[in-house]
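Residues per chain, in single letters:
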Amino acid sequence: MSSAQVQEVRQASPQADHSQPRGKFILWTLIASVVAAFAAWLSAALSLEVWVMFAGFIAWFTRPTSLKNSAAAMICLWLGIAIGAVSHIMTGALVPSLNHLALPVVVFLVAILIVGLRSHALLGNMLAWFLGMVTYFAAEFDLAAASFVHLAFATGIGGLAGYTCQALNRRFAE
């Protein structure tokens, strides 16, 4: 890529909005930091994995333009956790017949579902779906109802922290 092409890409890329006054920028940063710290403390106090809480926090902010979009992101996160479990079961069931092809076949089918929903108003947040799958697999929990309650509760704390952060910042820092 030539330097002229790189310059064109830079000019076409959206620029960060630096119009927020310094005091509001600092207040926004402090509010977000305090809320995140409290959510981390609460998760640890409840013997929940802090990183799982942050999965909910991240999902909330994948589409922070409205309460509806952020709540939809949490639904996609939780559905991603569920589809991670289903894909785990499917892969195990297909290994005897497909051997090493079981995993790519299941990933292909799951990706068709998730990517196919990308334009759906409520279920179109691919990032949150895949974040849910990552959360399920990284947690390495047993396939038990208690595991799903645990993951839903921990990510729910993160989503609630995201909502709180968003609400406080809209009230005081925007």
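Please refer to the structure higher up on the page.
Computed from a predicted model, the values in this text were never measured in an experiment.

Parameters and conventions
- Residues numbered from 1 in each chain as written.
- Predicted model: local features only at pLDDT ≥ 70, side-chain atom pairs only at ≥ 80, totals over all residues.
- Heavy atoms only, no water.
- Helix = DSSP H or I, 4+ residues; strand = E, 2+ residues; numbered from the N terminus.
- Buried < 20%, exposed > 50% of the residue type's maximum accessible area, 1.4 Å probe, protein only.

Caption draft 1: How the structure looks around the side chain of Asn169. Here Asn169 shows up in helix α7 (residues 145-172). With a relative accessible area of 1%, Asn169 lands in the buried category.

Caption draft 2: Geometry of unusual backbone geometry. Not every positive phi belongs to a glycine, and Asn99 is a case in point at roughly 55 degrees. For Asn99, the location among the structural elements is in the loop between α4 (67-98) and α5 (102-116). Residue classification places Asn99 among the partly exposed residues on the basis of a relative accessible area of 49%. Its identity is not glycine, yet Glu140 carries a phi of approximately 55 degrees, on the positive side. Looking at the element boundaries, Glu140 is found in the loop between α6 (126-139) and α7. In this structure Glu140 comes out as exposed when scored by relative accessible area, which is 70%.

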